[in-house]
Amino acid sequence: MSNQSLPLTDRIEKKNIDEVFFKEFGQEYLDYRENWKKSGKDYIPDFPVNLDIECADDCNYRCNFCYRNANSKITEDINTGVRFNMDLYEKILKEGQENNLKAINFGFSGEPLINPNLAEMVKMARKYGIIDVRIISNGGLLTQEKIEKLLIAGVTFFSLSIDAINEETYFKVKGSKLFYKVIENLKFLYETREKMGKSLPVIRASFYSNPENKGQEEQFIKMVSPFTDFVDIQAFSDIKDKSRKLKRVYDCDMPFRRMGIFANGKVCPCCSFYSKLLIVGDANKNTIKEIWNSQAVKGVRDSFINQKPNEVCLRCLSAVC
């Protein structure tokens, strides 16, 4: 096991994740990761390196730290139940293939497993050349059948957000009594991958530290490590606290690297909780490339280049300082 320090996250690795992907995809993977790393103020790629897809504007949980919780809602335009349109999705994938897109994250806002087409979405992503296909889920809706279908479809990264070491804490944090089911799903995911003889997906379990689970981090790592390739311990920020102030000038590379697309087709320039408040386009009306090069997105980037982030970005950044 090795420790790695990432922004806002302590990562404990059992495997070198880059090596796993390199063995599977070779130079194609290295080129994609290099493009991700160099994207920023000094280099803006012609197309987003990563697209974050909201499979469904909905979730089966109401975690105490999430903006889908009634106490933390940042806008009323949320939990609408809308699913991502499959025709629009394929149109985006075709454009992505034309522009060398290699990464899609299905863990962006909402619970992806709510969308019954998730396995088909994974399969289509791989068909159109995506090599980093990520699912980030609470795991409560997983079944053995769904796990098998998703692995066969070609998911390359699977993360379960667990955040607790027992049923009592799990209920306090996530408002769900499915703790033991999720742990069993994690085990089955790992064991099924091994039985299939696959190196992918890499499997992560994450723990979002907050007042309800404080001090349980080490026990969590021991509990999930046998069934994961790495564990992320993420720092806490209270999105309900509107009194936070930015403590320092904080650079954000996300608008230079990625875009998020909500289930209704609206587009944002990052992957933040707060991006619902920063819509820069509509994929139903414009291509991803048109939105990527639009004045709206340029304005967000310029705000960071000039070290004068807009109010939405400031609200987000104050949560991570």
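Each value, and the rule that gives it
Residues numbered from 1 in each chain as written. Predicted model: local features only at pLDDT ≥ 70, side-chain atom pairs only at ≥ 80, totals over all residues. Heavy atoms only, no water. Helix = DSSP H or I, 4+ residues; strand = E, 2+ residues; numbered from the N terminus. Buried < 20%, exposed > 50% of the residue type's maximum accessible area, 1.4 Å probe, protein only. Contact = heavy atoms within 4.5 Å. Areas by Shrake-Rupley, 256 points an atom, 1.4 Å probe, with all protein chains shown as cover. Lys, Arg positive; Asp, Glu negative; His and termini not counted. Charge placed at Lys NZ, Arg CZ, Asp CG, Glu CD. Phe/Tyr/Trp six-rings, centres within 6.5 Å; stacked < 30°, edge-to-face > 60°. Pairing = 2+ DSSP bridges. 1 Å grid on protein atoms, 1.4 Å probe; cavity = no way out; pocket = protein on both sides within 12 Å on 5 of 7 lines; lining within 4 Å. Points joined across faces, edges and corners; volume = space filled by probe spheres on them. Nonpolar A, V, L, I, M, F, W, Y, C, P; charged D, E, K, R; others polar. Arc of directions from axis to C-beta. Polar contact = N/O pair within 3.5 Å; in protein donor to acceptor, adjacent residues only side chain to side chain. Core = buried A, V, L, I, M, F, W, Y, C linked by side-chain atoms within 4.5 Å. Disulfide = S-S within 2.5 Å.

J.: Help me understand the overall build of the chain, please; the structure alone is not making it clear to me.
T.: When helices and strands are tallied, the chain shows eleven helices and eleven strands. With respect to the principal axes defined by its C-alpha atoms, the chain has extents near 50 × 45 × 40 Å. Across the 321 residues of the chain, 55% fall into the buried class. Taking the intrachain contacts of the chain between residues at least 6 apart in sequence as the baseline, contacts between residues at least 24 apart amount to 72%. In the form shown here, the chain has an accessible surface area of approximately 14,700 Å², with 48% of it arising from carbon and sulfur atoms. Within the chain, one finds 48 positive and 44 negative side-chain charges whose respective centroids are separated by 2 Å.

J.: What is the right way to read the packing of aromatic side chains from this model?
T.: Within a pair of aromatic rings, the relevant descriptors are the distance that separates the centres and the angle that separates the planes. Using the criterion set out here, one finds 13 aromatic pairs in the structure. Each ring, one from F108 and one from F262, has its centre 5.1 Å from the other, and the planes form 45°; the classification is tilted. A residue pair is termed long-range when its members are at least 10 positions apart, and F108 in the loop between β4 (103–105) and α4 (118–127) and F262 in the loop between β9 (258–261) and β10 (266–268) qualify at 154 residues. Assessed through its relative accessible area of 2%, F262 is described here as buried. Between Y190 and F227, the aromatic rings sit 6.4 Å apart at their centres with planes inclined by 80°, giving edge-to-face as the arrangement. With Y190 in helix α7 (residues 179–196) and F227 in the loop between α8 (217–224) and β8 (230–234), the pair connects residues that are 37 residues apart, well separated along the chain.

J.: Looking at this model, I keep getting lost on the pairing of β9. Mind explaining?
T.: Across a regular strand the side chains alternate sides, sitting on one face of the sheet and then on the other. The two faces of β9 match: R258 and G260 on one face and M259 and I261 on the other face are all buried. When strand β3 (residues 50–53) meets β9, the two strands line up parallel, connected through four bridges. Paired with N50 across the two strands is R258, which belongs to β9. Pairing of β9 with β10, which is carried by two bridges, proceeds in the antiparallel orientation.

J.: In this structure, what is going on with the layout of surface pockets? I would like to understand it.
T.: The gaps of empty space that remain are located by a probe, the size of a water molecule, rolled over the atoms. Reported here for the second largest pocket is a volume of approximately 200 Å³. If you trace the second largest pocket, you find 14 residues lining it, with N35, V49, N99, N100 and L101 closest to the centre. Partitioned by chemical class, the residues of the lining of the second largest pocket number seven nonpolar, three polar and four charged.

J.: Whenever I open this one, helix α6 (residues 167–174) confuses me. Can you help?
T.: Given 3.6 residues per helical turn, the α-helix brings residues three or four places apart onto the same face. Those residues of α6 not exposed but buried are T169, Y170, V173 and K174. An end-on view of α6 places all buried positions within 105° of arc, on one side of the element. Structurally, the start of α6 carries an N-cap: the backbone nitrogen of E168 is 3.3 Å from a side-chain oxygen of N166. G175 sits one or two residues past α6 and shows a positive phi near 65°.

J.: I'm lost on the nonpolar core in this one. Help?
T.: With 96 residues, the main nonpolar core has F106 and I162 as its most contacted residues. Top element by residues in this core is α7. It accounts for seven residues. Other than its neighbours up to four places away in sequence, I162 contacts Y170, K174, F179, V182, I183, L186, A205, S206, F220 and V224.

J.: I would appreciate a short explanation of helix α1 (residues 17–25) in the present structure.
T.: All of the buried residues along α1 are I17, V20, F21 and F25. The buried residues of α1 all sit within an arc of 105° when viewed along its axis, so they share a single face. Tucked inside the fold, the buried residues of α1 contact β2 (9–13), α2 (27–38), α4, β5 (132–137), β7 (202–208) and β8. For α1, the N-terminal cap is N16; the gap from its side-chain oxygen to the backbone nitrogen of D18 is 3.1 Å. A positive backbone phi angle near 60° is found at G26, which sits one or two residues after α1.

J.: How should I be thinking about the state of the cysteines in this particular structure?
T.: Here is the idea: a disulfide is a covalent bond, and it sits between the sulfur atoms of two cysteines. Scanning the model with the defined rule gives zero disulfides in all. Among the cysteines around C270, which has no disulfide bond, C268 carries the closest sulfur, lying 5.1 Å off. When its relative accessible area of 12% is taken as the criterion, C270 is described as buried.

J.: So what exactly am I meant to see when it comes to the environment of D52 here?
T.: Here D52 shows up in strand β3. For D52, a relative accessible area of 0% gives the class buried. Along the primary structure D52 and E290 are separated by 238 residues, whereas in three dimensions their C-alpha atoms are 17 Å apart. Residues contacting D52, with those up to four places away along its chain left out, are N105, F108, R258, M259, G260, I261 and C271.

Bear in mind that shape data such as this cannot, by itself, settle questions of function.
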